[in-house]
Amino acid sequence: MKPPAPAHACAIVLVLLPLLAVLQTTRAQKNAIDIYSLTVDSRVSSRFAHTVITSRVVNRADSMQEATFQMELPKKAFITNFSMIIDGVMYPGNIKQKDAAQKQYSAAVARGESAGLVKATGRKMEQFQVSVSVAPSAKVTFELVYEELLKRRLGVYELLLKVQPRQLVKHLQMDIHIFEPQGISFLETESTFMTNELADALTISQNQTKAHIRFKPTLSQQQKSAEQQDTVVDGNLIIRYDVNRTLSGGSIQIENGYFVHYFAPEGLSMIPKNVIFVIDTSGSMMGKKIRQTREALIKILEDLRPEDHFNLISFSREATQWKPSLVPASTQNVEEAKKYANSIKAQGGTNINDAMLMAVQLLDTATREEQLPSGSVSLFLLLTDGDPTVGETNPTKIQKNVQEAIGGQYSLFCLGFGFDVSYAFLEKLALDNGGLARRIYEDSDSALQLQDFYQEVANPLLTAVTFEYPSNAVEEVTQDNFRLFFKGSEMVVAGKLRAQSPEVLSAIVSGQLPTENITFQMESQVAKQEEEFQKPKYIFHGFMERLWAYLTIHQLLERMVSVSDADKQALETQALGLSLNYSFVTPLTSMVVTKPEGQEQSQVAEKPVDNEKVPSGKSLIPSKAGIGDRTSDLSPTKLLAKASPAQPAARRGHCLPKHVGALVTCRTVFRHRAMGHAGPILPGGVHLRLLKEPPGFLNPSRYRYPFSNSYPRVPSGIASSSSGGPTTLDGYLDETMEETSPTAPPPAPIQAPTVILPLPGQSGDQLCVDIKLTPGPLLLLLSDPDQGLEVTGEYKMEKAQFSWIEVTFKNPQLQVHVSPEHVVVTRGRRSSEYKWKETLFVVMPGLTMTMDKAGLLLLSSPDKVTIGLLSWDGPGEGLRLLLRDTDRFSSHVDGILGRFYQGVLWGPPDTTDDSKRTLRARGFDFDATRELKLDYQEGTPGTEISCWSVAL
C-alpha cells in the first residue's frame, strides 16, 4: 500500500467531537455511491469503549461522484483516528495542535478552497463529515476510531451507537463486546429502528463477565417492503448495563502497568439533604417553559423525604422566598409547596445575583441557628433560561459574589433552560461551588430532563470522599478527592504503577456519614489482574493506559473552567501534551486528513463547546415525528357502510343516510331468520332477504323499525309499486326498501369500547367493557401479585376516556405511564419519554417492550400476560388497553377488569331476548348484551365485532 505524496496533496482539517457513530451517504445520482459494507465494532473493557466504524463504498456511476462520510459521536468521546483508503492508497489523519492545524487550513482557504463547519446535532450527539470525489468504479474505505469512558448515571452505563446508512447495505454488521471482571448484573438493549423482522437479526449472548451483542440483518430484513428499496435501519442502538457490587463497593483493576479504581458502595443509607430551589420566573420563561418547570417541580417535591429540609425562591426582577426559613419535608409542607409551585407565573427581568445571595443567606441562617439535621448535605438547584438583566448583570461579578457567599460550604447545581442562556456562565458558577451544570433542552420532555437531573443529586450517600494509595506503589493519579457521592453514580480514580510496585496494590477510601466517618479498604493482586486482562481476545488491549489519559484530559479541561489565567495555562499545556501523545481529538487539537491531488475542497470540523448560544429561531435538536393528525378517509357514514370479513355491511340493519334537500332518505337492508318459505310479498317494491342468523346475534331492538311475528312491518308512507312481486335469487328474496323522513337523524358511528377483554377459556370470545360510573378518577384496573403486575388509570367521565394509564412491573422494576401526548418509561430512577407511533424495541431481562408506527405499545414476556397500550384515534378516540395471553393470570388476579378472569359465571339467555344474559364475577352481577362494537386491537380504522358488552 503506497503512502500519499505530501507534495501533491491538499489538506482537510477536522476538529472532531465526542459522540456516536452514524453513517450516511448522499448520492449525487440514484445508486451512484453504493455502501456495500458497513461495520461497527465496539469493545467495552471495564467501562472503557473502543469503537471502530468502517464503511466501504464504490462509485457505480460512469462519472466522478462525491462520497460523503457523515457521522455522529457521543459528546464525551475522543476521536483517535480517521483514515481513507482510495484505490489502495491510504490517506491517514494526523493529530495536531489546533493553532498549527488552523494555519494549514487557512492556507488551503487562501488557495480558494471551501470550508465546512461541523456542529452539534442534539443532546448527546455531535456530528462531522468528510467528502471526497470518487472516480468511476473506484472504491473508498472510511475508518473512524473513537474512545470513551462510560459514566454510571442513575445506576447504569450506556453505550449509544447510531446507524444511518440511508440505503440498503449488502454487508451490515454491528458487534458489541463487553468485558467486566466484576460481573454483569443486568443488560438491556434499546433500538429506535428495530422491527419484528429485524429483531431476528439481533442476537445477545451473555455469561457472568462478558456479553456479545450482534446485529447482522440481511438485505430483505433491511428493506421497508417488497416495493420500497429504502432501508428501515435508521436510528439508535443503545446498550445499557450495570455490574455486580459488594458492600465495600470497590474494584481495583490492573493492566499493562496502569490501574483503575471503581468505587460505588452498596447498602449505605441516604444522608438528609437541605435543598433550596431557585427558579427563574422572568418573562422569557413564559409559556411552555414555565408550565414544564411547574410540572417538574411538583414531581420533585413529591420525592423529598421527611428528614429533608427545603425552601423555594422564585425570581424575576426581584427574588421572593416561599417561606422565611427552610422547613421539613412533611406531607403538609410538601402539599403547600406544590400549590405554591403551581401558582408561579413568568414575568419581568432576570435578577440571578440577588436570588442566589438570598438562597445562601437562608442556608447560613439555618446552619447558624442549628435548624438543620446534623451531618446533612446542603445544596442549591438554580434553574434559569437567560442572562442576568436586572441588578448585578456582570457575569464575572455574580460568579465572584456567589463564590464568596457560599465559601465552600454548600454545592450549587445549575440548569440552563434552552439556548438563550449563557451556559459558560452557569458552568463556571457551578464548578466554582462544587457542583455541575446541565443544559435542559427545549422539547416535550423538558420536565423529565429536570426530574432526571434532580434524581442524580437527590440521594447523597457520602461526603468528603478521599482515596489513598501507597506512595511507593503508584504515581500520576487522577483526581482522588470528591465533595459528594450520590446514589447511582460511581467514582473513578486511575493511575500508573511504579516500576518497583508491590505485588499487592492496596487502597483506603474514607468518607463521612451523618454521624460518623467510614473507611473502606481493598486490595488487588497485581499479577493476577494483569493475567486476567491478557487472556481475552475480545477486549482492546492497552486500554487502561488510554483510560487514564482520557480521564486525566477531561479533568484538566474541567479544572480550566474555574481557575485563574495563570493556572489555566499550565493545565492547558498538560492537557495538550496528553492529547497529542495519545492521539485524542480534544478542544485543544485538530485532525488533519490529506486528500488526493486535485481535490479542491477542505473542511474544518470544530469540536462544539456547550457554552455557545444558538441564533434565535434555530434549534440544534433534530425534529422527531410526533403524533400526526390521522384522519380516516372514511366518513362515519362510510364507516357504517364499510364491510369487513367478520361483519358484512349488509348484515348490520343500519340506516345509511343520504341527504335529499331537507329530507333524509334511508336505504335499509333487513335480514331475519328464514321460516322455511320465501316470506311475505311486500308492497312498494320491497324485497326481504331471508338469512339464517345465530340466536342472539343481533338485538332486534337495535333496528330502526319495529318487528312483528318475526317479519318487518312495512313502514307507513311508502307508495305501492306497480312493478309487481319480488324477485327470487338462489332461494332468497333480495331488494331494498326506501323511506323518506323529515326527522330521521344520521346514525352515530359504532364506537370502540373502553376495554376489550379476551374471555377465559377456548371460545375465543371477547367481553367489551364500557366505564360509565366510577367511585373516583383513579382506578385499579388490574393487579396480579404473582405476576408482579399492576395496571392503574385515571378515567375522565366528562370526556369518556382515560387521561392516563400506568403499568407497573416488579421484576424487572419498570413503570410505563402513557397519556394521549406521550409514553414515559421509568426504570429505577431513570425516565425516558417516547412519542406515540415511533418505532421502539427494548429487550431487558424478563421483559420485551415494543412500539410500532401504528402506536401499539406491547409489554411481553414468555411467562407473563402481555399488556398492550394504544393511542387510538378512531371513533371514540383515546387511550386503549389490550390484553393477550390472559391464561397466564394467577388465581390472585384482581381489579375492576381482573375480576373477569376468576370464577366468571354466565346465566342463561333471557327468555324473551337471547341477546341478553347475566354475568357474575367476584360476587357482582352484570347485565351483558350482545352488540356490535369497533375493535381497536389492530389499530385504526378498526373492524366491527360482535361481543358481549357490559357497563361498569
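Because the structure is a prediction, the values reported are computed rather than measured.

All right, on to the overall build of the protein then. Within the protein, the regular secondary structure consists of 13 helices and 57 strands. Across the 952 residues of the protein, 55% fall into the buried class. Accessible surface, the protein: about 41,400 Å² in total, of which carbon and sulfur atoms supply 49%.

Ranked by size, the top nonpolar core spans 63 residues in total, and within it Val816 and Ile867 carry the most contacts. Broken down by element, this core gets its largest block of residues, 5 residues, from strand β52 (residues 864-872). Those residues in contact with valine 816 that sit more than four places away from it in its chain are Ile805, Glu806, Val807, Val823, Val824, Val825, Met849, Leu857, Leu859 and Leu869.

On to the sheet that holds strand β24 (residues 460-468), then. Strand order across the open sheet formed by 4 strands is β26-β24-β28-β29, with antiparallel pairing between neighbours. Each of the sheet's edge strands pairs with one partner strand only, and the pair in question is β26 (481-486) and β29 (517-525). Put simply, the sheet's adjacent strands are angled 30° from each other on average, direction ignored. Pairing geometry for β24 and strand β28 (residues 504-512), over 4 bridges, is antiparallel. Residue pairing for β28: glutamate 468 is matched across the bridge by isoleucine 508. Packed onto the sheet, helix α10 (residues 526-534) meets β28 and β29 and runs at close to 65° relative to β29.

Next up on the list: helix α7 (residues 395-406). Compared with an ideal rise of 1.5 Å per residue, which puts 12 residues at 16 Å, α7 spans 16 Å between its outermost C-alpha atoms and is within 8% of the ideal. Taken residue by residue, α7 has Ile398, Gln399, Asn401, Val402 and Ile406 as its buried positions. One side of α7 carries all its buried residues, which in axial view fall inside an arc of 165°. What points out from α7, more than 90 degrees from its buried face, is the exposed set Thr396 and Glu404. Regarding α7, its N-cap is asparagine 394, as a side-chain oxygen of that residue lies 2.9 Å from the backbone nitrogen of threonine 396 further along. In the stretch just after α7, glycine 407 is the one whose phi turns positive, near 60°.

The next thing to look at is the state of the cysteines. Throughout the structure, instances matching the rule amount to 1 disulfide. Linked covalently through their sulfurs, cysteine 768 and cysteine 947 form a disulfide whose S-S length is 2.0 Å. Measuring handedness by torsion sign, the sulfur bridge of cysteine 768 and cysteine 947 sits at about -115° and is left-handed. Of this pair, cysteine 768 sits in strand β42 (residues 766-770) while cysteine 947 sits in strand β57 (residues 943-951), placing them 179 residues apart in sequence. Judged on exposure class, the residue cysteine 768 and its partner cysteine 947 are both buried.

Turning to the sheet that holds strand β46 (residues 814-818), a few remarks are in order. In space, the 6 strands of this open sheet follow the order β43-β44-β45-β46-β47-β48, with antiparallel pairing throughout. Only two strands of the sheet have a single partner each, and these edge strands are β43 (778-784) and β48 (830-835). With direction set aside, neighbouring strand axes in the sheet form an average angle of 15°. The sheet strands contacting helix α9 (residues 446-457) are β47 (822-827) and β48, and the helix crosses β48 at an angle near 165°.

Our next topic: the packing of aromatic side chains. On inspection of all chains with the given rule, the structure shows 30 aromatic pairs. An angle of 55° between the planes, with centres 5.6 Å apart, marks the rings of phenylalanine 193 and phenylalanine 215 as tilted. One end of the pair, phenylalanine 193, is in the loop between β11 (184-191) and α2 (196-199); the other, phenylalanine 215, is in strand β13 (residues 210-215), with 22 residues separating them in the sequence. Summarising the burial analysis for this pair, phenylalanine 193 and phenylalanine 215 share the class buried. Ring pairing ties together the aromatic residues Phe48, Phe78, Tyr258, Trp548, Tyr550, Tyr582 and Phe584, which thus form one cluster. Here arginine 899 stacks its cationic end above the ring of phenylalanine 924, 5.2 Å away from the centre of that ring.

Taken as a whole, this structure holds 35 salt bridges when the rule is applied. For lysine 428, the salt bridge goes to aspartate 432, with nearest N and O atoms at 3.3 Å. Between arginine 922 and aspartate 894 there is a salt bridge; the shortest N-O distance is 3.3 Å. One end of the pair, arginine 922, is in the loop between β55 (916-921) and β56 (924-935); the other, aspartate 894, is in the loop between β53 (878-884) and β54 (905-906), with 28 residues separating them in the sequence. The class of arginine 922 is partly exposed, set by a relative accessible area of 35%. The class for aspartate 894 is partly exposed, based on a relative accessible area of 38%. Sharing partners across several salt bridges, the network here consists of Arg47, Arg152, Glu180, Asp242, Arg245 and Glu490.

For any two helices packed against each other, the geometry comes down to the angle between their axes and how far apart the axes lie. It is the contact of helix α4 (residues 288-302) with helix α5 (residues 331-343), at a shortest axis distance of 9 Å, that shows an interaxial angle of 170°. Comparing the axis directions of α4 and α5 gives the class roughly antiparallel. Here Arg294, Leu297, Ile298, Leu301 and Glu302 of α4 come into contact with α5, specifically with Val334, Ala337, Lys338, Ala341, Asn342 and Ser343. For the contact of α4 with α5, the per-class residue count stands at 6 nonpolar, 2 polar and 3 charged.

Attention now goes to the pairing of strand β50 (residues 847-851). Of all 5 residues in β50, 4 are buried, a share of seventy percent or more. Two strands pair when backbone bridges link them, and strand β49 (residues 840-844) and β50 are joined in this way by 5 bridges, in the antiparallel orientation. Bridging across to β50, leucine 840 finds its partner in methionine 851. Linking β49 to β50, which pair antiparallel, is a turn of 2 residues; within it glycine 846 sits at a positive phi near 85°. Bridge count between β50 and strand β51 (residues 856-861): 4 bridges; the pairing is antiparallel. Following the sheet pairing, threonine 848 is matched in β51 by serine 860. Connecting β50 to the antiparallel partner β51 that follows it, the hairpin turn spans 4 residues, and glycine 855 within it adopts a positive phi of roughly 90°.

Right, let's get into the pairing of strand β10 (residues 171-179). In terms of burial, β10 is a largely internal element, 8 of the 9 residues being buried. Of the pairings in the sheet, the one linking strand β2 (residues 33-45) to β10 comprises 9 bridges and is parallel in character. Its bridge partner lying in β10, arginine 43 is registered against histidine 177. Where β10 lies against β13, 6 bridges are found, and the strand directions are antiparallel. In the strand pairing of β13, methionine 174 is matched with phenylalanine 215.

Turning to α10, its buried residues number three or more, namely Val526, Gln529 and Phe533. Angular distribution of buried residues about the axis of α10 spans 70°; they occupy a single face of the element. What points out from α10, more than 90 degrees from its buried face, is the exposed set Ala527 and Lys528. Turning to α10, the residues buried within the fold contact β10, β15 (250-255), β27 (491-497), β28, β29 and α11 (543-561).

Okay, the environment of isoleucine 204 next. With respect to the helices, strands and loops of the structure, isoleucine 204 is situated in strand β12 (residues 202-206). The class for isoleucine 204 is partly exposed, based on a relative accessible area of 37%. Apart from the residues within four sequence positions on either side, isoleucine 204 is in contact with Leu187, Thr189, His212, Ile213 and Val843.

All right, on to the side chain of asparagine 353 then. If you trace the backbone, asparagine 353 turns up in helix α6 (residues 352-368). At a separation of 3.1 Å, a polar atom in the side chain of asparagine 353 contacts the side chain of asparagine 401. Other than its neighbours up to four places away in sequence, asparagine 353 contacts Glu392, Ile398 and Asn401.

Before going further, it helps to spend a moment on the confidence of the model for the protein. Scored by pLDDT, the protein comes out at a mean of 80, with 78% of its residues at no less than 70. Here strand β36 (residues 707-708) stands out as the least confident element of the protein, with mean pLDDT 30; strand β18 (residues 309-315) is the most confident, with 97. Between residues 1-30, whose pLDDT stays under 50, and residues either more than four places distant or in other chains, the model counts 143 contacts. Every residue in residues 112-120 is under pLDDT 50, and counting partners more than four places away or in other chains gives 31 contacts.

Criteria and cut-off values
Sequence order as written defines residue numbering, which begins from 1 separately in each chain. Residue-level local features of this predicted model are given only where pLDDT is at least 70; pairs of side-chain atoms are given and counted only at 80 or more, and the full residue set underlies all totals for whole chains, interfaces and linings. Neither water nor hydrogens contribute to the side-chain values; these are computed over all heavy atoms in the structure. Segments assigned H or I by DSSP are reported as helices when at least four residues long, segments assigned E as strands when at least two residues long, and all are numbered from the N terminus. Exposure categories follow from relative accessible area, calculated using a 1.4 Å probe and restricted to protein chains: below 20% of the type maximum is buried, above 50% is exposed, and the middle band is partly exposed. The Shrake-Rupley method, run with a 1.4 Å probe sphere, supplies the accessible areas, and residue values consider only the shown protein chains as cover. What makes a nonpolar core is a set of buried Ala, Val, Leu, Ile, Met, Phe, Trp, Tyr and Cys residues whose side-chain atoms join them at distances within 4.5 Å. We call two residues contacting when some pair of their heavy atoms lies within 4.5 Å. Two strands pair if DSSP finds at least two bridges between them. What counts as an axis is a line fitted to C-alpha atoms, over the stretch in contact for a helix, and the angles between N-to-C directions run from 0 to 180 degrees. Each residue after the first adds 1.5 Å to the expected span of a helix. Of all possible arcs, the one meant is that of the directions from the helix axis to the C-beta atoms. The term polar contact refers here to a pair of N or O atoms within 3.5 Å; inside protein, the definition further demands a hydrogen-donor-capable atom paired with an acceptor-capable atom, and it admits residues adjacent in sequence only when both atoms are side-chain atoms. Note on terminology: pairs of cysteine sulfur atoms within 2.5 Å are recorded as disulfides. Here a Phe, Tyr or Trp ring, Trp counted by its six-membered ring, pairs with any other such ring whose centre lies within 6.5 Å, and the pair is stacked when the planes are under 30 degrees apart, edge-to-face when over 60, and tilted otherwise. We count a charge as sitting over a ring when the NZ of a lysine or the CZ of an arginine lies within 6 Å of the ring centre and within 35 degrees of the ring normal. Here a salt bridge means any side-chain nitrogen of Lys or Arg lying within 4 Å of a carboxyl oxygen belonging to Asp or Glu. In what follows, roughly perpendicular refers to angles from 65 to 115 degrees, roughly parallel to angles under 35, roughly antiparallel to angles over 145, and oblique to any angle outside these ranges. When residue character is reported, Ala, Val, Leu, Ile, Met, Phe, Trp, Tyr, Cys and Pro are called nonpolar, Asp, Glu, Lys and Arg charged, and the others, Gly included, polar. A score between 0 and 100, pLDDT records how confident the predictor is in each residue.

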